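Residue-level listing of the chains:
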Amino acid sequence: MADLLNVDVTGRVAVLTLNRPDRLNAIGTATVDRLDAVLDTLHADRGVRALVVAGAGRGFSAGADLDEIESLRTAYEFRAFVGRLTEVFGRLEKFAKPSVAAVHGFALGGGLELALACDLRVAERGAKLGLPEMKLGVLPGAGGTQRLPRLVPPGIAKQLILSGEPIDAERAHAVGLVNELAEPGEVLTVATALAARLAAGAPLALAAGKALVDRSGGDLDAGIAAERETVAVMFTAEDRAEGLRAFRERRPAEFRGA
Ligand SMILES: CCCCCCCCCCCCC[C@H](O)CC(=O)SCCNC(=O)CCNC(=O)[C@H](O)C(C)(C)COP(=O)(O)OP(=O)(O)OC[C@H]1O[C@@H](n2cnc3c(N)ncnc32)[C@H](O)[C@@H]1OP(=O)(O)O
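Residues numbered from 1 in each chain as written. Predicted model: local features only at pLDDT ≥ 70, side-chain atom pairs only at ≥ 80, totals over all residues. Heavy atoms only, no water.

**Remarks on the overall build of the protein chain**
- Of the regular secondary structure elements, the protein chain holds 11 helices and nine strands.
- Expected size for 258 residues packed as a compact globule is a radius of gyration near 18 Å; at 19 Å, the protein chain falls within 12% of this value.
- In the protein chain, buried positions account for 43% of the 258 residues.
- Intrachain contacts of the protein chain at a sequence separation of at least 6 include 68% that bridge at least 24 residues.
- A total of about 12900 Å² of accessible surface is found on the protein chain, and carbon and sulfur atoms cover 59% of it.
- Each charge sign in the protein chain was given a centre, from 31 positive and 34 negative side chains, and these centres are 4 Å apart. (Helix = DSSP H or I, 4+ residues; strand = E, 2+ residues; numbered from the N terminus. Rg over C-alpha atoms; globule rule 2.2 N^0.38 Å. Buried < 20%, exposed > 50% of the residue type's maximum accessible area, 1.4 Å probe, protein only. Contact = heavy atoms within 4.5 Å. Areas by Shrake-Rupley, 256 points an atom, 1.4 Å probe, with all protein chains shown as cover. Lys, Arg positive; Asp, Glu negative; His and termini not counted. Charge placed at Lys NZ, Arg CZ, Asp CG, Glu CD.)

**Here we look at the nonpolar core**
- Counting residues in each nonpolar core, the largest one holds 47 residues, and the members touching the most others are Val-103, Leu-114, Leu-148 and Leu-177.
- Of all the elements in the fold, those that place two or more residues in this core are β2 (13-18), α1 (29-44), β3 (50-55), α3 (75-94), β4 (99-103), α4 (110-117), α6 (154-163) and α7 (169-175).
- If we ignore the near neighbours within four places in the chain, the residues touching Val-103 are Phe-60, Ala-115, Val-122, Ala-123, Glu-124, Ala-127, Leu-129 and Val-187.
- One finds Val-100, Leu-120, Val-122 and Ala-195 within the second-largest nonpolar core, a separate group that totals 15 residues. (Core = buried A, V, L, I, M, F, W, Y, C linked by side-chain atoms within 4.5 Å.)

**Focus on the packing of α1 against α3**
- Where α1 contacts α3, the axes come no closer than 10 Å and their chain directions differ by 25 degrees. As far as their axial angle goes, α3 and α1 are roughly parallel. By crossing handedness, the relation of α1 to α3 is classed as left-handed. Contact residues: Thr-29, Val-32, Asp-33, Leu-35, Asp-36, Leu-39 and Asp-40 in α1; Phe-81, Arg-84, Leu-85, Val-88, Phe-89, Arg-91 and Leu-92 in α3.
- Here the contact of α1 with α3 is composed, by residue class, of eight nonpolar, one polar and five charged. (Axes fitted to C-alpha atoms, helices over the stretch in contact; angles between N-to-C directions. Parallel < 35°, antiparallel > 145°, perpendicular 65-115°, else oblique. Left-handed = near helix turned anticlockwise from the far one by under 90°. Nonpolar A, V, L, I, M, F, W, Y, C, P; charged D, E, K, R; others polar.)

**Focus on the packing of α4 against helix α5 (residues 144-151)**
- Two numbers describe how α4 lies on α5: the axes approach to 10 Å, and their chain directions differ by 55 degrees. Our classification of the angle between α4 and α5 gives oblique. The interaxial crossing formed by α4 with α5 has left-handed handedness. Here Glu-113, Leu-116 and Ala-117 of α4 lie close against α5, whose contacting residues are Gly-144, Arg-147, Leu-148 and Leu-151.

**Examining the sheet that holds strand β6 (residues 120-124)**
- Read from one edge to the other, the open sheet built from six strands follows the order β1-β2-β3-β4-β6-β9, with strand pairing classed as mixed. Bordering the open sheet on either side are β1 (5-10) and β9 (180-182), each of which pairs with just one other strand. On average, each strand axis in the sheet is inclined to that of its neighbour by 20 degrees, with strand direction left out of account.
- Pairing of β1 with β2, which is carried by six bridges, proceeds in the antiparallel orientation. The residue of β2 that forms the bridge with Asn-6 is Thr-17.
- On the sheet, α4 packs against β2, β3, β4 and β6 and is oriented at approximately 145 degrees with respect to β4. (Pairing = 2+ DSSP bridges.)

**Observations concerning a nonpolar patch on the surface**
- Side chains of Leu-66, Leu-136 and Val-138 sit close together on the surface and give an oily, nonpolar patch of about 270 Å² of accessible area.
- Tracing the backbone shows Val-138 in the loop between β7 (128-130) and α5. (Patch = residues over 30% accessible without salt bridge, like charges linked within 9 Å, V, L, I, M, F, W, Y side chains within 5 Å. Salt bridge = Lys/Arg side-chain N within 4 Å of Asp/Glu carboxyl O.)

**Observations concerning the confidence of the model for the protein chain**
- Looking at the protein chain, pLDDT values average 97 and 99% of them are 70 or higher.
- Model confidence for the complex is summarised by a pTM of 0.97, with the ipTM given as 0.94. (pLDDT = per-residue confidence, 0-100.)

Quick look at the structure:
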């Protein structure tokens with residue numbers, strides 16, 4: 001069986017490509033199990049500093065695998081299916097290394113939910129992003145109802161979830177769902193360049209920065225305290241000294257994650 005998720009490492013960036021083009025990269029248990037295993041490998045690879053998640057074929061992903069869903073027989077099986085998707089998507093979101101989704105064609109349902117679990121999103125002009133679960137008589141079940149309203153105004157989130165209708169990449173960019181737009185055929189280039197810029201950062205600061213922003217919806221004083229204590233500890237990191245040295249010497253910093 002062809003690899004459900006191809007991994008290609010170039011420099012400090014690992015490109016993960018969903019590889020079920022015949023099923024429009026539908027995401028089932030086997031795909032998320034593979035993603036989980038790949039995250040184990042990439043966690044251990046100190047040379048990899050950032051990830052890109054992309055899709056082979058006509059689009060990023062048409063969502064959860066409806067064939068697998070149709071094979072489920074009990075609510076408990078259904079819960080296990082949804083639980084596994086949310087578990088691995090959550091692991092990607094909390095991954096210490098930043099991730100960029102490269103969306104072309106379409107990112108629908110679980111496909112958009114996977115892109116929402118990435119830190120940033122780049123989308124090709126004309127790509128469709130949506131949560132069509134309402135048209136199937138259900139709701140997004142892999143984090144969409146919780147992650148989307150944290151990125152776009154609640155009214156926009158409700159429109160996508162309650163109508164089930166997609167928006168195009170241009171509109172998604174205007175409302176903050178997409179960080180950067182790419183011309184047709186260019187999404188992987190743009191997403192990889194963005195990931196490479198993130199990968200130039202200090203690994204400890206990248207991981208801590210992700211965690212601090214992810215908790216920013218909580219109590220402000222507690223968040224500022226967490227920021228202060230995190231920054232204070234980072235003062236002792238070798239990368240902090242390297243950053244200042246590189247600035248004085250007018251050269252790019254070479255951060256080692258120490
Ligand atoms: C059994 C139904 C129960 C419904 C319950 C679903 C909710 C489950 C909730 C738990 C899981 C949570 C995760 C997530 O929140 C839920 C989802 O993601 S549900 C799926 C959401 N996605 C969609 O509804 C999009 C479905 N696809 C399309 O609308 C279209 O395919 C397209 C993307 C607009 C492209 O259209 P076309 O160009 O016309 O291409 P085709 O439709 O002919 O597709 C080609 C080929 O691919 C197969 N395919 C497409 N999408 C999926 C998919 N999601 N899973 C499996 N297979 C898919 C399609 O059947 C075709 O195959 P072929 O007929 O050629 O064999």
